[in-house]
Each structure stands twice: as C-alpha cells, then as structure tokens.
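Each chain is listed here by its residues.
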Amino acid sequence: VTTTTTTTAAGPPPSSLAPTSRSTSCPNPLRVGLLGTSGISKFAVIYPARHQPCTTVVAAVASRDADRAQVFAAQNAIPHWFGDYEAMLASTSIDAVYIAVPTRHHYFWAAKCIEYGKHVLVEKPVVSNSTEALVLVQSAREKGVVLMEGYHYRHHGAAIRLADVVAGGRIGELRHVTVDFSLVSLASWWSDFREYRTDSVVFDEHLRYKMLDRWCYCADTAVWLAHAAGLGDESFKVVAAAASHGGVTATIAIQRRGVTVAEVRLAAVKNVLEFPHWDVTVVGTRDTARVVNIGFPFLYHRVVLNKTHEEAHYGDGETTFELQLAAFSAAVSTARSLRSGSLDVQAEATATMEWDARDRQLVRTMKMIDAIAHAAGLPRFESYSPEMNQI
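What you see is a predicted model; the values in this text were computed from it and never measured.

About the thresholds
Residues numbered from 1 in each chain as written. Predicted model: local features only at pLDDT ≥ 70, side-chain atom pairs only at ≥ 80, totals over all residues. Heavy atoms only, no water. Buried < 20%, exposed > 50% of the residue type's maximum accessible area, 1.4 Å probe, protein only. Helix = DSSP H or I, 4+ residues; strand = E, 2+ residues; numbered from the N terminus. Pairing = 2+ DSSP bridges. Right-handed = clockwise from strand over helix to strand, strands pointing away. Phe/Tyr/Trp six-rings, centres within 6.5 Å; stacked < 30°, edge-to-face > 60°. Axes fitted to C-alpha atoms, helices over the stretch in contact; angles between N-to-C directions. Parallel < 35°, antiparallel > 145°, perpendicular 65-115°, else oblique. Left-handed = near helix turned anticlockwise from the far one by under 90°. Contact = heavy atoms within 4.5 Å. Nonpolar A, V, L, I, M, F, W, Y, C, P; charged D, E, K, R; others polar. Salt bridge = Lys/Arg side-chain N within 4 Å of Asp/Glu carboxyl O.

A. Representation of the pairing of strand β7 (residues 119–122) in the model. Across the two faces of β7 the burial is the same, with His-119 and Leu-121 and Val-120 and Val-122 all buried. In the sheet, strand β6 (residues 96–99) pairs with β7 via four bridges, with the strands oriented parallel. Bridging from a neighbouring strand, Ala-96 pairs with His-119 of β7. As a crossover connection, the stretch from β6 through helix α5 (residues 106–115) into β7 is right-handed. Two elements, β7 and strand β8 (residues 147–149), share three bridges in a ladder whose sense is parallel. Considered in β8, the bridge of Val-122 is made with Glu-149.

Right under this line is the structure:
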C-alpha cells in the first residue's frame, strides 16, 4: 500500500464582536455566521474553524429562538448570537453565512444572504430544484459573492486522486460509474421488517427530503466524475429510477449526439442492516479505479487502481469538512480580489474559470436530481416560500 500523504434578540452588542472575532496575529479572518443551530454545523464549520483561525472564525449564530441561540453560542464559544436570522444578515460584522436549516428553507435564506452581500456556504442540496439553482447562481455572480454547496467529499485527497486518474486518461475513456451509498436508518429497516413494503408507503414531504439528503450525494458524484472525464457538457438521460422510503436507485446514460458513451448506476439505501459504506467505482476502456469510503475518507479509505494497486491519501489528517471550509475561505478571498481588480490577467482568467466550474457543477447536479426524481415518479421538489406562510 502506498500512502500519500421580527423583535430581535442578540448578545453581546455588535460593538464587541469585531475585536473578539479578529485576533491581532491574524487580522483578517473570514467571519462566518451560522444560520441555524443544527448539529452538523459543529462538524462542518465550528470544529474546522478552530483548526484554521487565521483564515476563518465563527463570529455569530442565529436562531428564531433567542434562548436556543444564546445557549448554542455559550456551548460553542461563539461570541455573538441573534434571535432573528435576518438581523444577523444585516450585521456588518459578518462576512459569510453557513446555512444548515432544513433543505426546503435553503433557497429563501441563501437568496437573502446574497441580497445582503454575504458569501454563503449552503448544506447540500443547495436548493430544491434546478430552477432555483439557476436563480441563485445568477444572483451571486451579479453581487460578486461566493455561493458554495456543501459536498465536502470532493475536497479530500482520496476524491481528488480519483478525479485525477479519470481526467488523466489512466483508465482510458470512461465507460461506467457506480456510486453505492448505504447508511442504515433503523426506522426504515424496522418498517421493512414489519412488512410495510415500498408500494404501501406514501411519500410525505419529510420522508422525501430525508432521502434526498442522502441520494443527492450520488447524483453529485456522477456529475463530478463525468466532468473529470471530459463529459461534463454531454447530456444525461435517466434510463430507469426507483424510489421508496428505503432508498433511491437510478441508471443514467451519458450521451453524445444521442449515442450513449458511458453509464452511471447509483444506489442510496437506508433500510439495509449492513456496515455503512459509500464507495465509487469507475471503469474505463483500459483500467478501473475505486475509492472505498469516499464520503468520510479521513476515518479510513482505500484507493484501488487496476484492482490490485492500493493507495491512501490522508494528507495531514484533515477532515473533509476542514478542507471544505478552507476551500470556501480561499474562494471568498479570490472573489474579493476579483472585485477589487487586484489580480493580473492570467490569475483573473483562472479565478473566473474556477468560479464558472463551481456554478456549472451546482446547476448540473440539481438538474440530475430533477431528472432522477421525475423518472422515479416523485413529485418535483419545491422550496418553502413566504406566499405559503412557510418561511
């Protein structure tokens, strides 16, 4: 094995925020506000920020429940809290926002962040459908702020190695991708055990979005690898798809001028009592490559080439979330440089190309999600809106 390495409650007053959130040795870290008190924010932002204080600090948290915000801030050493989301967005002491509220609220609050000129890192999926994605991407570009989606796996060395192998032609032309995601939900497993079968389950909104939170990873991985293989601009056709309370499966053809050049099969299940796994296999005309546990590779992983050669890419032991936060901070820094005009011509061209690629991936993943949901007979995913009194 080769190892490679409304009434707003807030506290304390805003005037105390800036000196608390900026250290003297690192005068300009990105000041992030947390929109919501979801547990995932600890892993995605709070803990990672502690490892990179010179680039990112968690400066505030907001909740609709002021008491909850205050308790969360105290528990996580966050210097400022708000009992109202929009009050935090209006604060000049916040540069960027991390959104981890339920998926159906993402679109509204991401749009609000952009409206206030805040850079935004949104938990996946970024919105509910591709129409919303296109609107957000356009709004963010017009404002000159970063919109990044929280597919953390892409930033780890194991995933990057796989993309490089595909892009570099080592496996030849891409012909097949398999994404296999299994993370058991005991509730789903128990429902199957008691013989409440797929065809008897009515998909309410909660169940549909809970499943989407898992299978969206598979859709994103498929689009990401197709792009690495130079097939990012080809059309995707969902040949077959099925969905239940226990999972989603799909077969997708990547087509060029109506001819299938590669196939993707994905499966995300949560009703199988087995060891959790999240593996990706790619097959080309000359070779194969596989990553075992691409989702949380900092815990363990294997990169297998040609079925026999194994590698590990742990780097300095960073989590995927640490690497994602660093990438977000770097993207914001680049966006600021673009806005100020401080980049030379070549650097500006490179930065613009990377920004375009990030936006394209976000939109194409949401288009893939739309297509799979439609093929599986699921109602179109729609976000909450003020008109529906759901925000």
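So much for the structure itself; the text now carries on.
B. Up close: the packing of aromatic side chains. Throughout the structure, instances matching the rule amount to 14 aromatic pairs. Taken together, a centroid distance of 5.6 Å and an interplanar angle of 90 degrees make the contact between Phe-43 and Tyr-47 edge-to-face. Of the two residues, Phe-43 and Tyr-47 are both situated in helix α2 (residues 40–50); the distance of four residues between them amounts to about one turn of the helix. Judged by centre distance (6.0 Å) and plane angle (15 degrees), the ring pair of Phe-181 and Tyr-217 falls under stacked. With Phe-181 in strand β9 (residues 174–182) and Tyr-217 in helix α9 (residues 205–228), this pair connects stretches of sequence that are 36 residues apart. Judged by relative accessible area, Phe-181 falls into the buried class, the value being 6%. Aromatic ring contacts, followed pair by pair, group Tyr-151, Tyr-153, Phe-181, Tyr-217, Trp-224, Trp-278, Phe-296 and Phe-298 into a single cluster.

C. Expanded view of the packing of helix α10 (residues 320–340) against helix α11 (residues 345–375). Here α10 crosses α11 at 125 degrees, and the two axes come no closer than 11 Å. The angle between α10 and α11 places the two elements in the oblique class. By crossing handedness, the relation of α10 to α11 is classed as left-handed. Residue-level contacts link Ala-331, Thr-334, Ala-335 and Leu-338 of α10 to Glu-348, Ala-351, Thr-352, Trp-355 and Arg-358 of α11. Per-class residue counts for the contact of α10 with α11 are five nonpolar, two polar and two charged.

D. Quick look at the pattern of salt bridges. In total, this model carries 15 salt bridges according to the counting rule given. Asp-356 is paired through a salt bridge with Arg-141; the nearest N and O atoms lie 2.9 Å apart. Placement of the pair is Asp-356 in helix α11 and Arg-141 in helix α6 (residues 130–143), with a sequence separation of 215 residues. Here Asp-356 falls in the partly exposed class, since its relative accessible area comes to 31%. Taken together, the shared-partner salt bridges connect Arg-31, Asp-95 and Arg-336 into one network.

E. Summary view of unusual backbone geometry. Note the cis peptide between Lys-124 and Pro-125, where omega equals -20 degrees. Position of Pro-125 among the secondary structure elements: in the loop between β7 and α6. In this model, Ala-77 sits at a positive phi of 55 degrees, which is unusual for a non-glycine residue. Considering the arrangement of structural elements, one finds Ala-77 in the loop between α3 (66–75) and β5 (81–82). Phi is positive for Asn-306, which is not a glycine, with a value near 55 degrees. The topology assignment puts Asn-306 in the loop between β15 (302–305) and β16 (309–312).

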